[in-house]
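Spelled out, the chains give:
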Amino acid sequence: MKFLRLLPLLCASLLFLPGCVSNTAKYGEITVTVVDIRPAGGTIFESQAVLTLRFINENVMPFGITGTTHKLYLNGNYVGKAVNDQAFGIPPLNTATREVTLMLENTALLRQVLALRGESEIAYRLETVILTKEGDLTVKLPTRTEDRLDLKTLQDLR
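For clarity, every value in this text was computed on a predicted model and none was experimentally measured.

Asks: Any details on unusual backbone geometry? Residues and values, ideally.
Replies: Positive phi outside glycine occurs at Asn-75, with the angle close to 50 degrees. Note that Asn-75 resides in the loop between β4 (67-74) and β5 (77-84).

Asks: Just give me the short version of the packing of aromatic side chains, but keep the residues and values in it.
Replies: Enumeration according to the criterion identifies 2 aromatic pairs in this entry. Here Phe-55 and Phe-88 contribute two aromatic rings whose centre-to-centre distance is 5.1 Å and whose plane-to-plane angle is 70 degrees, an arrangement assigned as edge-to-face. One end of the pair, Phe-55, is in strand β2 (residues 47-57); the other, Phe-88, is in strand β6 (residues 88-90), with 33 residues separating them in the sequence. Judged by its relative accessible area of 1%, Phe-55 is buried. One residue, Arg-98, lies across the ring of Phe-88, its end atom 4.4 Å from the ring centre. Directly above the ring of Tyr-73 sits Arg-125, whose terminal nitrogen or CZ lies 3.9 Å from the centroid.

Asks: Tell me about the pattern of salt bridges, and please be specific about residues and values.
Replies: Counted by the stated rule, this structure contains 5 salt bridges. Measuring nitrogen to oxygen at the nearest pair gives 4.0 Å for the salt bridge that ties Asp-36 to Arg-38. On the basis of relative accessible area, Asp-36 is assigned to the partly exposed category, the value being 22%. Judged by its relative accessible area of 31%, Arg-38 falls in the partly exposed class. Notably, a salt bridge pairs Arg-38 with Glu-99, separated by 2.9 Å at the nearest N-O pair. Pair noted here: Arg-38 is in strand β1 (residues 30-40) and Glu-99 is in strand β7 (residues 94-104), with a separation of 61 residues, a long-range link. A single network of salt bridges, built from pairs that share partners, joins Asp-36, Arg-38 and Glu-99.

Asks: Describe in detail the side chain of Thr-68, supporting the description with residues and values.
Replies: Topologically, Thr-68 is positioned in strand β4. A relative accessible area of 1% places Thr-68 in the buried class. Of note is the side chain of Thr-68, whose polar atom sits 2.8 Å from the side chain of His-70. For Thr-68, the residues in contact, after removing those within four places along its chain, are Phe-55, Ala-82, Val-83, Asn-84, Val-129 and Ile-130.

Asks: Describe the sheet that holds β4, listing the residues and the values that go with them.
Replies: Strands in a sheet are paired, the pairing made by backbone hydrogen bonds, and the direction either parallel or antiparallel. Across the sheet, 7 strands lie side by side as β1-β2-β7-β5-β4-β8-β9; this open sheet has antiparallel pairing. Looking at the sheet topology across the chains shown, the edges are occupied by β1 and β9 (137-150). Within the sheet, the average angular offset between the axes of one strand and its neighbour, ignoring direction, is 25 degrees. Bridge count between β5 and β7: 2 bridges; the pairing is antiparallel. Directly across from Gly-80, in β7, lies its bridge partner Leu-104.

Asks: Any chance you could break down the pairing of β2 for me, citing the residues and the numbers?
Replies: Remark: a regular strand shows side chains that alternate across the two faces of the sheet. Across 10 bridges, β1 lies against β2 in antiparallel orientation. Paired with Val-32 across the bridge in β2 is Phe-55. Sheet analysis places β2 next to β7, joined by 11 bridges and oriented antiparallel. Residue pairing for β7: Val-50 is matched across the bridge by Thr-101.

Asks: An account of a nonpolar patch on the surface is needed here, citing residue identities and associated values.
Replies: Taken together, the side chains of Val-60, Met-61 and Leu-93 make up a nonpolar region of the molecular surface, amounting to roughly 360 Å² of accessible area. With respect to the helices and strands, the residue Met-61 is situated in the loop between β2 and β3 (63-65).

The rules we used
- Residues numbered from 1 in each chain as written.
- Predicted model: local features only at pLDDT ≥ 70, side-chain atom pairs only at ≥ 80, totals over all residues.
- Heavy atoms only, no water.
- Helix = DSSP H or I, 4+ residues; strand = E, 2+ residues; numbered from the N terminus.
- Phe/Tyr/Trp six-rings, centres within 6.5 Å; stacked < 30°, edge-to-face > 60°.
- Buried < 20%, exposed > 50% of the residue type's maximum accessible area, 1.4 Å probe, protein only.
- Lys NZ or Arg CZ within 6 Å of the ring centre and 35° of its normal.
- Salt bridge = Lys/Arg side-chain N within 4 Å of Asp/Glu carboxyl O.
- Polar contact = N/O pair within 3.5 Å; in protein donor to acceptor, adjacent residues only side chain to side chain.
- Contact = heavy atoms within 4.5 Å.
- Pairing = 2+ DSSP bridges.
- Axes fitted to C-alpha atoms, helices over the stretch in contact; angles between N-to-C directions.
- Patch = residues over 30% accessible without salt bridge, like charges linked within 9 Å, V, L, I, M, F, W, Y side chains within 5 Å.
- Areas by Shrake-Rupley, 256 points an atom, 1.4 Å probe, with all protein chains shown as cover.

This is the structure in C-alpha coordinates:
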(Lines give C-alpha, C1' and ligand atoms only; values in the text may rest on other atoms or scores of the structure.)
Protein backbone atom coordinates (compact mmCIF):
# COMPACT_ATOMS: atom_id res chain seq x y z
CA MET A 1 0.00 0.00 0.00
CA LYS A 2 2.85 2.36 0.84
CA PHE A 3 4.33 1.63 -2.57
CA LEU A 4 1.19 2.81 -4.35
CA ARG A 5 1.39 6.15 -2.51
CA LEU A 6 5.02 6.59 -3.58
CA LEU A 7 4.41 5.64 -7.23
CA PRO A 8 3.28 9.15 -8.37
CA LEU A 9 6.31 10.67 -6.61
CA LEU A 10 8.63 8.17 -8.32
CA CYS A 11 7.10 8.88 -11.76
CA ALA A 12 7.41 12.64 -11.23
CA SER A 13 11.07 12.33 -10.21
CA LEU A 14 11.85 10.42 -13.43
CA LEU A 15 10.86 13.53 -15.41
CA PHE A 16 13.87 15.36 -14.00
CA LEU A 17 16.43 12.72 -14.97
CA PRO A 18 18.29 13.35 -18.24
CA GLY A 19 17.58 11.06 -21.15
CA CYS A 20 20.12 9.14 -23.14
CA VAL A 21 22.41 11.36 -25.12
CA SER A 22 23.95 10.13 -28.35
CA ASN A 23 27.64 10.79 -29.04
CA THR A 24 26.84 11.31 -32.72
CA ALA A 25 26.30 14.95 -33.56
CA LYS A 26 23.33 15.85 -35.70
CA TYR A 27 24.40 17.74 -38.78
CA GLY A 28 22.31 20.17 -40.76
CA GLU A 29 22.23 20.03 -44.50
CA ILE A 30 25.42 20.31 -46.56
CA THR A 31 24.45 20.86 -50.21
CA VAL A 32 26.89 20.39 -53.09
CA THR A 33 26.10 21.88 -56.52
CA VAL A 34 27.94 22.01 -59.84
CA VAL A 35 29.01 25.56 -60.68
CA ASP A 36 31.13 24.90 -63.78
CA ILE A 37 32.76 22.17 -65.82
CA ARG A 38 35.64 22.72 -68.22
CA PRO A 39 38.22 20.58 -70.05
CA ALA A 40 41.47 19.51 -68.44
CA GLY A 41 44.48 17.56 -69.59
CA GLY A 42 44.08 13.96 -70.54
CA THR A 43 45.61 11.14 -72.54
CA ILE A 44 44.38 9.04 -75.41
CA PHE A 45 43.02 6.55 -72.87
CA GLU A 46 41.73 8.95 -70.25
CA SER A 47 39.82 12.23 -70.41
CA GLN A 48 39.48 14.68 -67.58
CA ALA A 49 37.47 17.77 -66.76
CA VAL A 50 37.72 20.31 -63.96
CA LEU A 51 34.51 20.37 -61.97
CA THR A 52 33.86 23.48 -59.87
CA LEU A 53 31.64 22.66 -56.91
CA ARG A 54 29.88 24.88 -54.38
CA PHE A 55 29.46 23.53 -50.84
CA ILE A 56 26.64 25.17 -48.88
CA ASN A 57 26.72 24.84 -45.09
CA GLU A 58 23.24 25.22 -43.59
CA ASN A 59 24.57 24.55 -40.08
CA VAL A 60 24.89 27.26 -37.42
CA MET A 61 28.34 25.84 -36.64
CA PRO A 62 31.43 25.75 -38.87
CA PHE A 63 31.79 22.48 -40.74
CA GLY A 64 35.11 20.73 -41.42
CA ILE A 65 35.51 18.47 -44.44
CA THR A 66 38.46 16.07 -44.63
CA GLY A 67 37.69 14.75 -48.12
CA THR A 68 34.96 14.09 -50.68
CA THR A 69 33.99 11.76 -53.50
CA HIS A 70 31.64 12.70 -56.33
CA LYS A 71 29.80 10.82 -59.09
CA LEU A 72 28.34 12.88 -61.94
CA TYR A 73 25.35 11.78 -64.05
CA LEU A 74 24.04 13.65 -67.11
CA ASN A 75 20.46 12.91 -68.20
CA GLY A 76 20.51 9.97 -65.78
CA ASN A 77 23.65 8.38 -67.28
CA TYR A 78 26.93 8.01 -65.39
CA VAL A 79 29.71 10.22 -66.75
CA GLY A 80 32.59 10.07 -64.27
CA LYS A 81 33.97 10.28 -60.76
CA ALA A 82 36.08 12.75 -58.79
CA VAL A 83 37.85 12.46 -55.44
CA ASN A 84 39.26 15.17 -53.22
CA ASP A 85 41.65 14.59 -50.32
CA GLN A 86 42.13 18.30 -49.52
CA ALA A 87 40.68 19.27 -46.14
CA PHE A 88 38.78 22.54 -45.87
CA GLY A 89 36.20 24.24 -43.71
CA ILE A 90 32.96 26.08 -44.36
CA PRO A 91 31.91 28.92 -42.04
CA PRO A 92 28.45 28.69 -40.46
CA LEU A 93 25.58 29.48 -42.84
CA ASN A 94 28.02 30.11 -45.66
CA THR A 95 29.53 28.57 -48.80
CA ALA A 96 32.89 27.37 -50.11
CA THR A 97 33.91 26.67 -53.69
CA ARG A 98 36.37 23.92 -54.65
CA GLU A 99 37.67 22.51 -57.93
CA VAL A 100 38.07 18.76 -58.38
CA THR A 101 39.34 16.69 -61.30
CA LEU A 102 36.57 14.64 -62.86
CA MET A 103 37.77 11.43 -64.49
CA LEU A 104 35.45 11.04 -67.50
CA GLU A 105 34.52 7.39 -67.88
CA ASN A 106 31.74 7.81 -70.42
CA THR A 107 33.07 10.16 -73.10
CA ALA A 108 30.75 8.64 -75.74
CA LEU A 109 27.74 9.78 -73.72
CA LEU A 110 29.30 13.21 -73.30
CA ARG A 111 29.70 13.50 -77.09
CA GLN A 112 26.04 12.52 -77.55
CA VAL A 113 24.98 15.15 -75.03
CA LEU A 114 27.04 17.79 -76.82
CA ALA A 115 25.43 16.83 -80.14
CA LEU A 116 21.98 17.78 -78.83
CA ARG A 117 20.69 20.66 -80.92
CA GLY A 118 18.31 23.28 -79.60
CA GLU A 119 18.94 22.34 -75.98
CA SER A 120 20.71 24.84 -73.78
CA GLU A 121 20.55 22.90 -70.52
CA ILE A 122 20.89 19.31 -69.38
CA ALA A 123 19.76 17.56 -66.21
CA TYR A 124 22.53 16.47 -63.88
CA ARG A 125 22.74 14.46 -60.70
CA LEU A 126 25.70 14.75 -58.37
CA GLU A 127 26.12 12.05 -55.73
CA THR A 128 28.61 13.18 -53.09
CA VAL A 129 30.04 11.54 -50.00
CA ILE A 130 31.48 14.05 -47.54
CA LEU A 131 34.09 12.79 -45.09
CA THR A 132 34.35 14.60 -41.74
CA LYS A 133 35.93 13.83 -38.39
CA GLU A 134 34.00 13.30 -35.21
CA GLY A 135 36.60 12.73 -32.52
CA ASP A 136 38.73 9.82 -33.72
CA LEU A 137 36.02 8.57 -36.09
CA THR A 138 35.65 9.40 -39.77
CA VAL A 139 31.99 10.01 -40.59
CA LYS A 140 30.63 9.61 -44.14
CA LEU A 141 27.76 11.93 -45.03
CA PRO A 142 26.12 11.12 -48.37
CA THR A 143 24.30 13.87 -50.23
CA ARG A 144 22.63 14.03 -53.62
CA THR A 145 21.83 17.04 -55.78
CA GLU A 146 19.70 17.12 -58.93
CA ASP A 147 19.62 20.27 -61.01
CA ARG A 148 20.24 21.57 -64.52
CA LEU A 149 23.60 22.48 -66.08
CA ASP A 150 24.20 24.99 -68.87
CA LEU A 151 25.42 23.10 -71.94
CA LYS A 152 27.40 26.10 -73.16
CA THR A 153 29.98 25.41 -70.48
CA LEU A 154 30.47 21.90 -71.88
CA GLN A 155 31.14 22.90 -75.48
CA ASP A 156 34.94 22.84 -75.08
CA LEU A 157 34.90 19.21 -73.86
CA ARG A 158 34.48 17.71 -77.34
